[in-house]
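# Architecture at a glance
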Amino acid sequence: MADCSQAGSGRHSMDKSITLPPDEIFRNLENAKRFAIDIGGSLTKLAYYSTVQHKVAKVRSFDHTAKEVDGDPLYEISVQEEITARLHFIKFENAYIETCLDFIKDHLVNTETKVIKATGGGAYKFKELIEKKLKLKVDKEDEMSCLIKGCNFVLKNIPHEAFVYAKHADSEFRFQNTHPDIFPYLLINIGSGVSIVKVESEDKFERIGGSSIGGGTFWGLGALLTKTKRFDELLQLASRGQHTSVDMLVKDIYGGAYGSLGLTGDLIASSFGKSATTDKEFSKEDMAKSLLHMISNDIGQLACLYARLHNLTRVYFGGFFIRGHPVTMHTITYSINFFTKGEVQALFLRHEGYLGAIGAFLKGAEEDNPNQYSWGENYAGSSGLMSVSPDLNPMQRVRSGTFDMLEMDRLERQLVNLPLLQDPSSYIPDTVDLTEDALARQYWLYCFEEALDGVVNRAVASQPDLPQAVERAEKFRQKYLHKLQTLRHQPFAYGSLTVRSLLDTREHCLNEFNFPDPYSKIKQKENDVALRYFQKVVRSLEKLPWEQRQFALVKGLLAGNVFDWDRPWLIDCYDQWVERLKGPPHKCALFFVDNSGIDIILGVFPFVRELLCRGTEVVLASNSGPALNDVTNSELQILTERIAAMDSVIQAAIKEDRLTLVQSGSSSPCLDLSRLDKALAVVVRERHTDLVVIEGMGRAIHTNYYAALSCESLKLAVIKNSWLAERLGGKIFSVVFKYEVPPQSPGLRR
Amino acid sequence: MKLKDAKKTSFPWFGMDIGGTLVKLVYFEPVDVTAEEEQEEVECLKSIRKYLTSNVAYGSTGIRDTHLELKGLTVHGRRGNLHFIRFPTHDLPTFIQMGRDKNFSTLHTVLCATGGGAYKFEEEFRTIGNLQLHKLDELDCLVKGLLYIDSPSFNGQAECYYFENALDPERCRKMPYNLQDPYPLLVVNIGSGVSILAVYSKDNYKRVAGTSLGGGTFLGLCGLLTGCESFDEALELASKGDSTHADKLVRDIYGGDYERFDLPGWAVASSFGNMIYKEKREAVTKEDLARATLVTITNNIGWIAKMSAVNEKINRVVFVGNFLRVNTLSMKLLAYALDYWSQSQTKALFLEHEGYFGAVGALLGLLNFT
């Protein structure tokens, strides 16, 4: 929102001579290549690929063969430049096209780019202008193919891309889980006419039908009937009108319902039917509303007939008729509901307006193989979903007519489901949906705002020698504060609002201002200290009798020096766990680790050691990139080496490949089991993993608390937040020790 | 009121279908009235018969479709002629008043009515006309009436017809169709709104679809767009117009056919889609707008009918309802659309008594009423 309110303040002066704020839009143009443009009736969408130089924290182990001196740090940290790929998408009104092209021309350094992929109805209208300004050859792509390609891309890469619209619900937008398999689906594109496309795979789609009664009909007939010229104004009129004064309803014919057919009295029997039988004058508003209903119902019915004929339940709607307009989303939803008796839900897409541009871009970027990678929405650089009822959201007015952005980062690894999810299609990582829970939302937004000072200070402190750390930290503060404010008004901006998304947004914003790892030094110090105690802890554990040792190991995992240990805990499956340990060992345990320092070294490792001694193989999964004080994969590698040097059990396990380190693919303090590194999934499958341990607030409470796995699982955490503890029925520092055995798991059958 | 013997079903025999826009009335005029009967016949009955059969127009809006009259029909053992009369629903109060003035209630007859108005105006029939309506379901009546009328020939001609060479305007001709074995049949009833029924046998049918874009929409929109005041006037305008001035065609967008999807250049991409441009709005005529409205509504019905036919696996679609009255334009469009989009797999059929089947069904209901 920082970007848009700034851009918005200059809105009135915006004409062809505007100066665009380069910090905010058309970023990273100097490295840009592979342009694509989608020019619609009123909006232009521009796409380009660029690389971003980022500071990243790297850890490097010292040479251990040299004699160690007390006080030497365990490993060294350096900040290095890393180059990552990013996709930029910008949406603006056609009126600004010339200014934007000039801006791009002035800032474009890369001269390798020779063509620009173009799609959309306006592509040929602006062909000459683009070729003249950018000196790029315009290469036209089929609109529908681009749309489908773009649609596949967002469905695959953006969780919470699709939503159901419910006008009268607490949250208007109900986001859908990304189904692991996005195909087959129906895309109903409502432009001037309607196209109905069945998409069966990445490359296979078919236009199975269509209708000439679409957005152009609403606009054209509406303009004739009401003398209102603009599409948006027509929708405004419609939202204020009463269709019942123009339409003939069932009750106008029957006096009530047509009971034997189940047709209610309020159902429209004949659109504009009252105008056929009376000489009355009708208001513009009423006629516009009647027209809107007529068209929405007609499309809804057609969609329903096609969905039934092809046996499809996933039906996405797009096109300028829909594009973020609550009025049309509502009438289409209503109509689909009516015709399918609720069997099919109308789905809409957060980035619907970008599909054509994304598709055109992908067509031009095939040699980069964008589909081989996973991509992630960058919350710092993306505007998020803006459009809602204008009277509900004053910020919307400022926004419209300016620039909307979407940025997507290429992830270094391909992400897939954890193969051990009971039902991948119904898995929801997050425990509380803050979009739907207004109280929880208020609380957490407040929390994150309160914590901001601390985060800023830590960021500054982490870079004492780097230039402009204070200024950058201040920019970070402003950016994140604006994000929080946006989310207060529009909690649905980036899909369902969750504690995870708030944390991730903060990480994205920190990265944006080159604070890749504010905790690196703290982690280093804590790891150092903890390592010194490792052997002592292991020795004292070994002395304990079996039962006591198991309990001490669990306490260690829960960072047990802090609090009260009286059982029963808030969630207490400890007895069942110990019973299970008396049985045969697990084949392989997958352990999602949490914090650096004491937690990993004195909690996780002793526990892992015990598992190894029982004959269980262990896979330790840690974050690929930094997040808070979580241990990263590169840090964990060094730690493991150091521990192995001290401990023969760990050393042997590594040598024999019974202890393996993998990266999760994530850089979040939370855990989304539907987006994990592909290599992790392979290891999990190969080793016949039959136990999953998830540790810590972020991974086991904020996320995955309700996750159902197909094997045994342990979820453990101490709730270090009194509000959340209360929500779950306990007090601050309550312990959650959840041991779950799926019905009919091999564990039970034994 | 119970009648033991159908033969004793007392005259007059009426069937009425009160729709959203039009009231359809069928009247059976017995021609085998014996002298004895005539003597017994009360004055009121005579005057009704005389009034209905000697006029072709009633009041300012009632019309008898003389060309549809079925002559020498035997119904329930009686021989006679079946008359077809229509008037606007908003004149129904005048009709009820007339019934009262003519002491219709003294005949102690049963008045069978169907359509929504049978429910909506029941109270008015009772309080003003002192008449008790016997209400019948409109789709039951439609199916019964349709199957009944189709069986006797239409004064020696075919009741059912289709358009041969629907795809070629030069060679397109109306041809009789033998609907002796009518099942399964998709019936598309286009009144103010549209109902689509799948009929599997005499007693087995279901409503499979419907749309609110029907005859009422055509007339309502035409009135608002052109100021015309009647259905006939709207059709007259439409016959002189060119819908492509208002509609955006596939070729307007793609310069020709959209080959990627087999869409011909002449197909309408967006109904009224050209009307988003000021200069085109200024150039368009009333006639063009009327034509575009007719084409839009008709094609939409054709498309939904075609989809329903595919969904129900039925390949004969019969279009009925008063929207088709004197509306050859729409009938040919429907014939063309169904032929083209189904690759001639689905046939569009029409019936001469297009709008009256509900009323006929109501009349049959009276005779079966025991």
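Predicted, not measured: the structure shown is a model, and the values here were computed from it.

## Some details on the overall build of chain A
- A tally of regular secondary structure across chain A gives 26 helices and 25 strands.
- At 29 Å, chain A has a C-alpha radius of gyration in line with the 27 Å of a compact globule built from 750 residues.
- Seen through its C-alpha atoms, chain A measures out along the principal axes to roughly 95 × 65 × 45 Å.
- Looking at chain A as a whole, 61% of its 750 residues qualify as buried.
- Counting contacts in chain A only where the partners sit at least 6 residues apart, residues at least 24 apart contribute 73% of the total.
- Total accessible area computed for chain A in this model is approximately 30,100 Å², and 50% of it derives from carbon and sulfur atoms.
- If you average the places of the 88 positive and of the 95 negative side-chain charges in chain A, the two averages end up 1 Å apart.

## With respect to the sheet that holds strand S13 (residues 204-211) of chain B
All names here are of chain B.
- With mixed pairing, the seven strands of this open sheet are ordered in space as S10-S9-S17-S16-S11-S12-S13. What marks the edges here is a single partner per strand, and that holds for strand S10 (173-176) and S13. Within the sheet, the average angular offset between the axes of one strand and its neighbour, ignoring direction, is 30 degrees.
- Judged from the four bridges that link them, strand S16 (residues 316-320) and strand S17 (residues 347-351) form a sheet pairing that is parallel. Paired with Val 317 across the strands is Ala 348, a residue of S17.

## Structural notes on the packing of aromatic side chains
- For the coordinates displayed, the defined rule picks out 59 aromatic pairs over all chains.
- Clustering of aromatic rings is evident, with ring pairs tying together Phe163(A), Tyr165(A), Phe173(A), Phe175(A), Phe317(A), Phe348(A) and Phe492(A).
- Positioned above the aromatic ring of Tyr51(B), the side-chain terminus of Lys102(B) is 4.8 Å from the ring centre.
- The cationic tip of Lys306(B) hangs over the ring face of Trp303(B); the distance from NZ or CZ to the ring centre is 5.1 Å.

## Details of the nonpolar core
- The biggest cluster of nonpolar side chains holds 98 residues, and the ones touching the most others in it are Ile188(A), Phe218(A), Phe317(A), Phe319(B) and Phe350(B).
- Per element, the largest residue contribution to this core is 12 residues, and it comes from helix H9 (residues 284-309) of chain A.
- Non-local contacts of Phe319(B), meaning those with residues more than four positions away in its chain, are made with Val188(B), Ile190(B), Ile301(B), Ala305(B), Leu324(B), Leu334(B), Leu338(B), Ala348(B), Leu349(B), Phe350(B) and Leu351(B).
- Among the nonpolar cores identified, the runner-up in size contains 74 residues, and Tyr254(A), Tyr258(A), Phe87(B) and Phe104(B) belong to it.

## Examining the pattern of salt bridges
All names here are of chain A.
- For the coordinates displayed, the defined rule picks out 60 salt bridges over all chains.
- Glu 202 is the partner of Lys 156 in a salt bridge, and the nearest nitrogen-oxygen pair spans 2.9 Å. Residue Lys 156 is located in helix H4 (residues 143-157), and its partner Glu 202 is located in the loop between strand S9 (194-199) and strand S10 (205-211); the two are separated by 46 residues in the primary sequence.
- Taking relative accessible area as the criterion, Lys 156 reaches 35% and is therefore assigned partly exposed.
- Arg 477 serves as the salt-bridge partner of Asp 453, at 2.5 Å between the closest nitrogen and oxygen.

## With respect to the domain arrangement of chain B
Residue and element names in this part refer to chain B.
- When its domains are assigned, chain B resolves into domain 1 (13-141 + 357-367), domain 2 (160-242 + 286-351) and domain 3 (247-283).
- For domain 1 versus domain 2, the distance between C-alpha centres works out to 28 Å.
- Summing both partners gives a buried area of about 740 Å² for domain 1 against domain 2, and 57% of it is carried by carbon and sulfur.
- Summed over the three residues of domain 1 that lose the most area to domain 2, namely Arg 86, Leu 139 and Phe 357, the buried surface amounts to 61% of that side.
- The interface formed by domain 1 and domain 2 holds zero salt bridges in total.
- Summed over the shared surface of domain 1 and domain 2, the result is two residue pairs in polar contact (both at pLDDT 80 or more).
- For the side of domain 1 that touches domain 2, the elements supplying multiple residues, two or more each, are strand S2 (22-30) and helix H6 (138-150).
- Split into classes, the residues belonging to the side of domain 1 that touches domain 2 amount to three nonpolar, two polar and four charged.

## Topic: the sheet that holds strand S24 (residues 712-719) of chain A
All names here are of chain A.
- The strand order across the open sheet built from seven strands is S18-S25-S24-S23-S19-S20-S21, with neighbouring strands paired in mixed fashion. Two strands bound the open sheet, and with one partner strand each, they are strand S18 (571-572) and strand S21 (659-663).
- One ladder, built from two bridges, connects S18 with strand S25 (residues 734-740); its direction is parallel. Opposite Ile 571, over in S25, you have Val 736 as the bridge partner.
- Across the sheet, helix H19 (residues 574-581) lies against S18, strand S23 (691-695), S24 and S25, angled at about 45 degrees from S25, the strand it touches most.

## Description of the confidence of the model for chain B
Residue and element names in this part refer to chain B.
- The share of residues in chain B with pLDDT of 70 or more is 97%, and the mean pLDDT across the chain is 91.
- Scored below 50 in pLDDT, residues 1-7 shows 10 contacts in the model against residues more than four places distant or in partner chains.
- Overall fold confidence for the complex sits at a pTM of 0.88, while the interface term, ipTM, reaches 0.94.

## Digging into the pairing of S24(A)
All names here are of chain A.
- Among the eight residues that make up S24, eight are buried, leaving the element largely enclosed by the rest of the structure.
- Residues Glu 712, Leu 714, Leu 716 and Val 718 line one face of S24 and the alternating positions Ser 713, Lys 715, Ala 717 and Ile 719 line the opposite face, and both faces are buried.
- Direction of pairing for S23 relative to S24: parallel, over a ladder of five bridges. Note that in S24 the partner of Val 693 across the bridge is Leu 714.
- Both S24 and S25 contribute to a ladder of seven bridges, which runs antiparallel. Within S25, the position partnered with Ser 713 by the bridge is Glu 740.

## Some remarks on helix H2 (residues 43-54) of chain B
Residue and element names in this part refer to chain B.
- Here H2 spans 16 Å end to end across 12 residues, near enough to the 16 Å set by a 1.5 Å rise per residue.
- When H2 is considered as a whole, its buried residues turn out to be Cys 44, Leu 45, Ile 48, Arg 49 and Leu 52. An end-on view of H2 places all buried positions within 135 degrees of arc, on one side of the element. What points out from H2, more than 90 degrees from its buried face, is the exposed set Glu 43, Lys 50 and Ser 54.
- Where H2 is buried, its residues meet strand S1 (13-18), S2, helix H1 (35-40), strand S3 (57-58), strand S4 (62-64) and strand S6 (78-88).

## Here we look at the interface of chain A and chain B
- With 53 residues of chain A at the interface, the matching set in chain B holds 50 residues.
- Across the interface of chain A and chain B, roughly 4,200 Å² is buried in total on both sides, 64% from carbon and sulfur atoms.
- At the boundary of chain A with chain B, the tally comes to zero salt bridges.
- Those elements that place two or more of their residues in the side of chain A that touches chain B are H4, S10, helix H5 (215-226), helix H7 (250-254), strand S12 (268-270), helix H8 (273-277) and H9 of chain A.
- Counted by class, the side of chain A that touches chain B contains 27 nonpolar, 18 polar and eight charged residues.

## A few points about the side chain of Ser734(A)
- Relative to the assigned elements, Ser734(A) resides in strand S25.
- For Ser734(A), the side chain forms a polar contact with the main-chain oxygen of Lys731(A), separated by 2.5 Å.

## Things to note about the confidence of the model for chain A
Residue and element names in this part refer to chain A.
- Averaged over every residue, the pLDDT of chain A is 88; the share at 70 or more is 91%.
- Between residues 1-18, whose pLDDT stays under 50, and residues either more than four places distant or in other chains, the model counts 29 contacts.
- Within the model, pLDDT remains below 50 along residues 388-401, and this stretch shows 29 contacts once partners closer than five positions in the same chain are excluded.

Definitions and cut-offs
- Residues numbered from 1 in each chain as written.
- Chains lettered and ligands numbered in written order.
- Predicted model: local features only at pLDDT ≥ 70, side-chain atom pairs only at ≥ 80, totals over all residues.
- Heavy atoms only, no water.
- Helix = DSSP H or I, 4+ residues; strand = E, 2+ residues; numbered from the N terminus.
- Rg over C-alpha atoms; globule rule 2.2 N^0.38 Å.
- Buried < 20%, exposed > 50% of the residue type's maximum accessible area, 1.4 Å probe, protein only.
- Contact = heavy atoms within 4.5 Å.
- Areas by Shrake-Rupley, 256 points an atom, 1.4 Å probe, with all protein chains shown as cover.
- Lys, Arg positive; Asp, Glu negative; His and termini not counted.
- Charge placed at Lys NZ, Arg CZ, Asp CG, Glu CD.
- Pairing = 2+ DSSP bridges.
- Axes fitted to C-alpha atoms, helices over the stretch in contact; angles between N-to-C directions.
- Phe/Tyr/Trp six-rings, centres within 6.5 Å; stacked < 30°, edge-to-face > 60°.
- Lys NZ or Arg CZ within 6 Å of the ring centre and 35° of its normal.
- Core = buried A, V, L, I, M, F, W, Y, C linked by side-chain atoms within 4.5 Å.
- Salt bridge = Lys/Arg side-chain N within 4 Å of Asp/Glu carboxyl O.
- Domains from an automatic or database assignment.
- Buried area = accessible area lost by both parts, 1.4 Å probe.
- Polar contact = N/O pair within 3.5 Å; in protein donor to acceptor, adjacent residues only side chain to side chain.
- Nonpolar A, V, L, I, M, F, W, Y, C, P; charged D, E, K, R; others polar.
- pLDDT = per-residue confidence, 0-100.
- Expected span 1.5 Å × (residues − 1).
- Arc of directions from axis to C-beta.

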